[in-house]
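The primary structure of each chain is shown beneath.
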Amino acid sequence: MNFKVLLAASALLASQSFAIIGVGVHYAPNFGTKMTGLGADKEANKVKVTDDGWVQMWHGGFEETMHGLGVKLWIDFLPKIDVEATFNLQFGSYDASLFYLDPSVAIKGGEGTYKQVDLEVEMGGTPFGKANPKYVQMNGDISITYPLTFIPIFRPYIGGGVTYYMNTFILNQKFTKKVVGDTYATLYAESLPQNVNDLLALDLDKATDPSSRIEDALVENIQEAAIDEGLNQSIGFHLLVGVRAKLPIIPIAAYANFKYYFLGDYPEEVDPGHMAAEIGVGFAL
């Protein structure tokens, strides 16, 4: 009799431990992803943006873990399988600088003098404002999982599914060259004094300094293009192993997943690590 009661209690405990549907938020670090930069020394590793070299640029990279956040919806009531829908956002920051020949110096006889502009931009399609450039990757996962349902409170599972990838461009030579185009040459020509009186009147301390006008125009062009560039999109797949835990009656669940991603398109400077974790809590009905 005691055995039957214990068995019934265990079955009740297991049945109450899992929900029909749940939604959660989680921390989602990405492991192993690296972005290749142009080298630590900006002056030695900057590259030409214009054919004449009057505008140049440099960008760094990163190797640290990409931090991120995500949300998850899961369904437990289907026979034999569960379904998860997940959205994750992860990012890594890097530095980028623009170098342009300073017309204010060139006009007065200087040669080879470049001004450095450390770029801060807002990337279109991401929730970040203007800051150091960021490589941002977002993915939406639809996963089919196979749970082990005989363990009370804990629900281990394995599975896999389809991933929809979205990621930002890299502020590199190719992008900057496309954006700058003939802007610098046009502005430089317009900034040249037309006569001796103009040359004598040139005041480098005022906002009308041609250098500042050129800098403002170049930075504005880059910012506008960064907003308009949009996100690179592709399809891939993932495998996962995870566990959810939920106490009886209490509508709160915790979960942890490890995912391995494959396929998908990335910028050429990015070496994807293909691995991510999800550690979170949710509300389970």
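Residues numbered from 1 in each chain as written. Predicted model: local features only at pLDDT ≥ 70, side-chain atom pairs only at ≥ 80, totals over all residues. Heavy atoms only, no water.

### Section: the overall build of the protein chain
Across its full length, the protein chain holds 7 helices and 15 strands. Contacts in the protein chain between residues at least 24 apart in sequence constitute 73% of all its contacts with a sequence separation of at least 6. In the form shown here, the protein chain has an accessible surface area of approximately 14600 Å², with 63% of it arising from carbon and sulfur atoms. (Helix = DSSP H or I, 4+ residues; strand = E, 2+ residues; numbered from the N terminus. Contact = heavy atoms within 4.5 Å. Areas by Shrake-Rupley, 256 points an atom, 1.4 Å probe, with all protein chains shown as cover.)

### Here's the deal with the side chain of Thr-168
Along the chain, Thr-168 turns up in the loop between β11 (154-167) and α4 (173-180). Once residues lying within four places of it in the same chain are set aside, the contact partners of Thr-168 are Met-123, Thr-126, Lys-134, Tyr-135, Val-136, Leu-231 and Pro-267.

### What to know about the pairing of strand β6 (residues 67-75)
On β6, burial follows the alternation: Gly-68, Gly-70, Lys-72 and Trp-74 on one face are buried, whereas His-67, Leu-69, Val-71, Leu-73 and Ile-75 on the facing-out side are not. Of the strand pairs in this sheet, strand β1 (residues 21-27) and β6 are connected by 7 bridges, and their pairing is antiparallel. Bridge pairing in β6 places Gly-22 opposite Trp-74. Relative to strand β7 (residues 82-93), β6 is paired through 9 bridges, and the arrangement is antiparallel. Bridged to Leu-73 within β7 is Ala-85. What sits between β6 and β7 in their antiparallel hairpin is a turn of 6 residues, with Lys-80 showing a positive phi close to 70°. (Buried < 20%, exposed > 50% of the residue type's maximum accessible area, 1.4 Å probe, protein only. Pairing = 2+ DSSP bridges.)

### Quick word on the nonpolar core
Leu-98, Leu-171, Tyr-184 and Ile-222 are the most contacted members of the largest nonpolar core, which has 31 residues in total. For this core, the secondary-structure elements that each account for two or more residues are β5 (55-59), β8 (96-101), α4, α5 (183-191) and α7 (210-229). For this core, the leading source of residues is α7, giving 5 residues. Residues contacting Leu-98, with those up to four places away along its chain left out, are Val-55, Gln-56, Met-57, Lys-115, Gln-116, Val-117, Leu-119, Thr-176, Leu-218 and Ile-222. (Core = buried A, V, L, I, M, F, W, Y, C linked by side-chain atoms within 4.5 Å.)

### A closer look at the environment of Glu-278
Tracing the sequence through the fold places Glu-278 in strand β15 (residues 275-284). A sequence separation of 251 residues divides Glu-278 from Tyr-27, and the C-alpha atoms of the two residues are 5.7 Å apart. For Glu-278, the residues in contact, after removing those within four places along its chain, are His-26, Tyr-27, Lys-72, Thr-86, Asn-88, Asp-141, Tyr-255, Ala-256, Asn-257, Lys-259 and Tyr-261. Only 2.7 Å separates the side chain of Glu-278 from the side chain of Lys-72, close enough to count as a polar contact. (Polar contact = N/O pair within 3.5 Å; in protein donor to acceptor, adjacent residues only side chain to side chain.)

### Description of the confidence of the model for the protein chain
The predicted model of the protein chain has a mean per-residue pLDDT of 85, with 82% of residues at 70 or higher. Between the elements of the protein chain, mean pLDDT differs from a low of 47, seen in helix α1 (residues 2-16), to a high of 97, seen in β6. Scored below 50 in pLDDT, residues 5-16 makes 7 contacts in the model with residues more than four places away or belonging to other chains. In the predicted structure, residues 204-208 sits below a pLDDT of 50 and forms 6 contacts with residues beyond four places in sequence or in another chain. (pLDDT = per-residue confidence, 0-100.)

### Here's the deal with the environment of Phe-91
Relative to the elements of secondary structure, Phe-91 occurs in strand β7. When the C-alpha positions of Phe-91 and Thr-168 are compared, they lie 9.7 Å apart, and in sequence the two are 77 residues distant. If we skip the residues at most four places from it in the chain, Phe-91 touches Met-66, His-67, Phe-128, Lys-134, Tyr-135 and Val-136.

### Overview of the sheet that holds strand β9 (residues 114-118)
A sheet is described by the order of its strands in space; here 4 strands give the open sequence β4-β5-β8-β9, paired in antiparallel fashion. Looking at the sheet topology across the chains shown, the edges are occupied by β4 (47-48) and β9. Across 2 bridges, the pairing between β4 and β5 is antiparallel. Directly across from Lys-48, in β5, lies its bridge partner Gln-56.

### Section: the packing of aromatic side chains
Tallied over the full model, the rule gives 7 aromatic pairs. Both rings, one in Tyr-260 and one in Phe-262, keep their centres 6.4 Å apart while their planes meet at 25°; by these two values the pair is stacked. By way of ring pairs, the aromatic residues Tyr-165, Tyr-261 and Tyr-266 are connected into one cluster. The ring of Phe-99 has Lys-46 lying over it, and the distance from NZ or CZ to the ring centre is 4.6 Å. The aromatic ring of Phe-128 is capped on one face by Lys-134, whose charged end is 5.6 Å from the ring centroid. (Phe/Tyr/Trp six-rings, centres within 6.5 Å; stacked < 30°, edge-to-face > 60°. Lys NZ or Arg CZ within 6 Å of the ring centre and 35° of its normal.)

### So, a nonpolar patch on the surface
A cluster of nonpolar side chains, namely Ile-20, Ile-21, Val-23, Leu-73, Phe-77, Leu-78, Leu-247, Ile-250, Ile-252, Phe-283 and Leu-285, defines an oily patch on the protein surface of about 990 Å² accessible area. Tracing the sequence through the fold places Leu-285 in the segment after β15. With relative accessibility at 60%, the residue Leu-285 sits in the exposed group. (Patch = residues over 30% accessible without salt bridge, like charges linked within 9 Å, V, L, I, M, F, W, Y side chains within 5 Å. Salt bridge = Lys/Arg side-chain N within 4 Å of Asp/Glu carboxyl O.)

### Comments concerning α4
Among all positions in α4, only Phe-175, Thr-176, Val-179 and Val-180 are buried. Across the axial projection of α4, the buried residues extend over an arc of 120°, all falling on one side. Exposed positions of α4 whose direction lies more than 90 degrees from the buried face are Lys-174 and Lys-178. Residue Gly-181 follows α4 closely and has a positive phi angle near 50°. (Arc of directions from axis to C-beta.)

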